[in-house]
Structures are given as C-alpha cells and as structure tokens.
Amino acid sequence: ATTLPTKGTFAKNVIRDGQGQVASAPPSALPKSRKMAAAPKSERQPLGADTMPEKPSMGDKMEGTRAKPYMALRTGLYLASDGSLELDDPAGSHDVTTDTPFSNGLFSGAIGVDWAPTGIPLRNEFEINLRLESEGDISSTNRGTGVVQSGTAELSSLNFMINTYYDFSLGSGFSPYLGLGLGFSRNRLEVSTNLNTFNTDATTTFAWAIMAGAGYRMAPNWLIDFGYRFLDAGELRSNLGTGANAG
C-alpha cells in the first residue's frame, strides 16, 4: 500500500501540504496536434520540382544545331572597267575603244543556307543578278581601211551564280566575309557608229566572281551588309553590221 503524506490532502489530483500549498501536480497534457490545411491542388508542387529542372527535349537540342535557310535582296551600282572591244566580221575587223566606263544599277536576289549554327562559318547560296543596260561612248577603227568611227555601245547582263561565303565572327554585331562565285552569264551587246550599226546579240558564257565585305546583324533574323564584287562576265558579241563601212 502507498503511504500518503501525514499533513497533506488530495484535491482534483493535486497534492497539497498542510499549509494548502501545492506540493506536486500531474504533468499538463500535451497539446492536441492541429491538422494542417491542405493546399489547393493548383498550388501543390510535384515532388522534387524545385531541385530537378525539366530536361530539354530532343527537338529542342537539335533546333540549335540546324543550318538556317535565308533569303537576300541586294542592290547597288556596277562599274565596268574601260578597255577594248574587238568586233570581227567576214569583211574585216574593228578595234573598238571605250571612251568611258559602263555603269548602271544592279539588282539581285538569292536563297541560301547559313551553316553557322552547326559550328561551320560558311554560307552557300544561289543568286540571280541583273545588271541594267548601260550605254557608253566608243571609237571604232577599221583595221583594213583605217577609217575611224565614233559611236555608242549598249550592254546588259543577267548572271546566275552559286556563291560560297566565309564569315569571320568578331563576337559583336559585325562580321566581315570573303566569297567566291561560279556560274554563267547572259550578256547582250549592241554597237552603233556614225557609219555602221551592229545588230544586237546575246551570248551565254562562263562567269566567276570574288566578293568581300562586312555585315551587321540588326536583329536575330535581319542582317545588312556592304560589299564589293569583282565579276568576270565573259565575252560580249554582236551580230554582223550593216552600213557604209560594214567591213
């Protein structure tokens, strides 16, 4: 049997001594646990969402390594170097000297592929280039008779080229480039002098070109460039002439 204190009393599970002071008391009950309110489904995060980012798909990985197609529109001014033209016919030959260079505007359009996204700084394109008709003054000398004539020559050219460019990346918006083009040219020539008229003719010849310039990228899909091109468009030829000194 448990021995109770001699001068204490029990009241409501509390032991008091003879002076009425609390001698001991049972431990207080632990607080009841509170249920946590469930978060709305829209706010719940999947397990590991904060530590495991979404992996890119295979399509996203390949998108950054594909070559990019492009279109180009160009305009400018061409300047044909002055020099000599040789006009041959069955009756005789004429040496023709151009007094001034031929010049006029040009327009071209191209479609191509840029290989830079694959790590290769090259571009390949197919280009059609139209050089507008230009007229220049000439002097023509008949080799047989020595007769000198003055007149004009009109020429134009349509070029079909396959071009390859090498781009130098400077880590900025500017990118210098060098290029080489091969193709063919459709050239048209008409010569008239004060004594003869040589009928218009068109010839198709091999053509080649070298290019140099620099481009500036204004936006991810827009680039403007300034360049120089040397083009060898091949031969120019006219049909037989008529007139007082056709030979």
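Bear in mind the structure is a predicted one, so any value in this text is a computation, not a measurement. Counting from 1, residues in each chain are numbered in the order their sequence is written. pLDDT decides what is reported in this predicted model: residues at 70 or higher carry local features, side-chain atom pairs at 80 or more are listed and counted, and totals for whole chains, interfaces and linings draw on all residues regardless. Each side-chain value is derived from all of the structure's non-hydrogen atoms; neither hydrogens nor water enter the calculation.

1. Things to note about the overall build of the protein
Then step 1. Working definition: helices are DSSP H or I runs of at least four residues, strands are E runs of at least two. Numbering for both runs from the N terminus. In terms of helices and strands, the protein carries one helix and 13 strands.
Then step 2. For the protein, the succession of helices and strands along the chain, N to C, is β-β-β-α-β-β-β-β-β-β-β-β-β-β.
Then step 3. Split into buried and exposed, the 247 residues of the protein put 26% on the buried side.
Then step 4. When contacts within the protein are restricted to residue pairs at least 6 apart in sequence, those whose partners lie at least 24 apart make up 62%.
Then step 5. Each accessible area is a Shrake-Rupley result for a 1.4 Å probe, and residues are judged covered by the shown protein chains and nothing else. Put simply, the protein shows about 17,100 Å² of open surface, and 60% of that area lies on carbon and sulfur atoms. Burial status follows relative accessibility: with a 1.4 Å probe on protein chains alone, a residue under 20% of its type maximum counts as buried, one over 50% as exposed, and anything between as partly exposed. Whether two residues are in contact is decided by their heavy atoms: any pair within 4.5 Å suffices.

2. Overview of the side chain of Glu-127
Then step 1. Within the fold, Glu-127 resides in strand β8 (residues 122–142).
Then step 2. For Glu-127, a relative accessible area of 1% corresponds to the buried category.
Then step 3. The contacts of Glu-127, once residues within four sequence positions are left out, are Arg-74, Ser-108, Gly-109, Ala-110, Asn-159, Phe-160, Met-161, Asn-163 and Arg-229.

3. Some points on the pairing of strand β7 (residues 102–114)
Then step 1. Think of it this way: DSSP has to see at least two bridges between two strands before they count as a pair. In the sheet, strand β4 (residues 68–80) pairs with β7 via 13 bridges, with the strands oriented antiparallel. The residue of β7 that forms the bridge with Ala-72 is Ala-110.
Then step 2. The sheet contact formed by β7 and β8 spans nine bridges and is antiparallel. Paired with Gly-109 across the bridge in β8 is Ile-128.

4. A word on the pattern of salt bridges
Then step 1. By convention in these notes, a salt bridge is any Lys or Arg side-chain nitrogen within 4 Å of a carboxyl oxygen on Asp or Glu. If you walk through the whole model with that rule in mind, you get six salt bridges.
Then step 2. Ionic pairing is found between Arg-74 and Glu-125, a salt bridge with its closest N-O pair at 3.1 Å. You can see Arg-74 sitting in strand β4 and its partner Glu-125 sitting in strand β8, a full 51 residues away along the chain. Summarising the burial analysis for this pair, Arg-74 and Glu-125 share the class buried.
Then step 3. In this structure, the salt-bridge partner of Arg-123 is Asp-167, at a minimum N-O distance of 2.9 Å. Taken together, the residues Arg-123 in strand β8 and Asp-167 in strand β9 (residues 148–167) connect sequence positions 44 residues apart.
Then step 4. Linked through salt bridges whose partners overlap, the residues forming this network are Arg-74, Glu-125, Glu-127 and Arg-229.

Structural measurements only, silent on function.
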